[in-house]
Amino acid sequence: MSGSPDDERLEELRRKKMQELQEQQAGQQGSAEQQQAEEAAQQRAEQQKQALLKQFLTDEARQRLNAVQMSKPDFAEQVERQIVALAQSGRIQGRIDDAKMKALLKELQPESKSFNIRRR
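Residues numbered from 1 in each chain as written. Predicted model: local features only at pLDDT ≥ 70, side-chain atom pairs only at ≥ 80, totals over all residues. Heavy atoms only, no water.

Identification of the protein chain as DNA-binding protein GJR98_04415 from Haloferax marinisediminis is taken from an unreviewed UniProt entry.

Now the structure itself:
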């Protein structure tokens, strides 16, 4: 009775399941390789950014930026992107010192939201 329709159907289901598992495994390997490539690209971009910052910022300006990084990481990231963009476009002459960094931070700082509470 090895040739019964139920046995054939069962064998067909096993083959399909095995094929699905193999495809899934192949897909996972591809996505893992893609993820590694993306991580490597992010690391290279971060290294390039750090090299540009080191080139265009004085030690005092880097210390100030690090202090901002500790308190407001999102804002510090925005400042870093702005400095990199300025450097890549050639709009930075010389190096950014502490005074220029203060001015840049003040310029990029989001407006503080103020509101008045009135009692009646």
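Resuming the write-up.
Draft legend 1. Up close: helix 4 (residues 98-108). Buried residues of helix 4: Met-101, Leu-104, Leu-105 and Leu-108, and no others. Projected down its long axis, helix 4 carries its buried residues within an arc of 100°, all on one side. Turned more than 90 degrees away from the buried face of helix 4, the exposed residues are Ala-99, Lys-106 and Glu-107. Contacts from the buried residues of helix 4 go to helix 2 (59-71) and helix 3 (73-88). (Buried < 20%, exposed > 50% of the residue type's maximum accessible area, 1.4 Å probe, protein only. Helix = DSSP H or I, 4+ residues; strand = E, 2+ residues; numbered from the N terminus. Arc of directions from axis to C-beta. Contact = heavy atoms within 4.5 Å.)

Draft legend 2. Structural view of helix 3. With 16 residues, helix 3 extends 22 Å from end C-alpha to end C-alpha; this agrees with the ideal 22 Å at 1.5 Å per step. Where helix 3 is concerned, the buried positions are Phe-75, Ala-76, Val-79, Glu-80, Ile-83, Val-84, Leu-86 and Ala-87. On its buried face, helix 3 sits against helix 1 (5-56), helix 2 and helix 4. Two residues or fewer past helix 3, Gly-90 is found with a positive phi of approximately 80°. (Expected span 1.5 Å × (residues − 1).)

Draft legend 3. Broad picture of the confidence of the model for the protein chain. When the pLDDT values of the protein chain are averaged, the result is 86; 92% of them are 70 or greater. The spread of mean pLDDT over the elements of the protein chain runs between helix 1, the lowest at 87, and helix 2, the highest at 93. (pLDDT = per-residue confidence, 0-100.)

Draft legend 4. Quick look at the domain arrangement of the protein chain. Here the domain parsing of the protein chain yields domain 1 (8-48) and domain 2 (57-107). Just the C-alpha atoms count here: the centres of domain 1 and domain 2 sit 41 Å apart. (Domains from an automatic or database assignment.)

Draft legend 5. Here's a closer look at the environment of Asn-66. Mapped onto the elements of the fold, Asn-66 is located in helix 2. Along the sequence, Asn-66 and Ala-76 sit 10 residues apart, while their C-alpha atoms lie 7.9 Å from each other.

Draft legend 6. Local environment of the packing of helix 2 against helix 3. Between helix 2 and helix 3, the shortest axis-to-axis distance is 6 Å and the interhelical angle comes to 140°. In terms of their interaxial angle, helix 2 and helix 3 are classed as oblique. Residues Leu-65, Val-68, Gln-69 and Ser-71 of helix 2 form the contact with helix 3, whose own contacting residues are Pro-73, Phe-75, Ala-76, Glu-77, Val-79 and Glu-80. (Axes fitted to C-alpha atoms, helices over the stretch in contact; angles between N-to-C directions. Parallel < 35°, antiparallel > 145°, perpendicular 65-115°, else oblique.)

Draft legend 7. Structural context of the nonpolar core. Within the largest apolar cluster, 20 residues are counted, with the highest numbers of intra-cluster contacts made by Leu-57, Val-79, Ile-83, Ile-92 and Met-101. Contributions of two or more residues to this core are made by helix 1, helix 2, helix 3 and helix 4. Examining the composition of this core, we find that seven residues originate from one element, helix 3, more than from any other. (Core = buried A, V, L, I, M, F, W, Y, C linked by side-chain atoms within 4.5 Å.)

Draft legend 8. The side chain of Lys-49, seen in detail. Structurally, the position occupied by Lys-49 is in helix 1. A relative accessible area of 8% means that Lys-49 is categorised as buried.

Draft legend 9. Spatial organisation of the pattern of salt bridges. Counted by the stated rule, this structure contains seven salt bridges. The partner of Arg-15 in a salt bridge is Glu-12, with the nearest N and O atoms 3.0 Å apart. Of this pair, Arg-15 and Glu-12 both sit in helix 1, three residues apart, which is roughly one turn of that helix. Between Asp-98 and Arg-64 there is a salt bridge, with the nearest N and O atoms lying 2.6 Å from each other. In this pair, Asp-98 sits in helix 4 while Arg-64 sits in helix 2, placing the two residues 34 residues apart along the sequence. Using a relative accessible area of 28% as the deciding quantity, one classes Arg-64 as partly exposed. When salt bridges with common partners are traced through the structure, they connect Glu-46, Lys-49, Glu-77 and Glu-80 into a single cluster. (Salt bridge = Lys/Arg side-chain N within 4 Å of Asp/Glu carboxyl O.)

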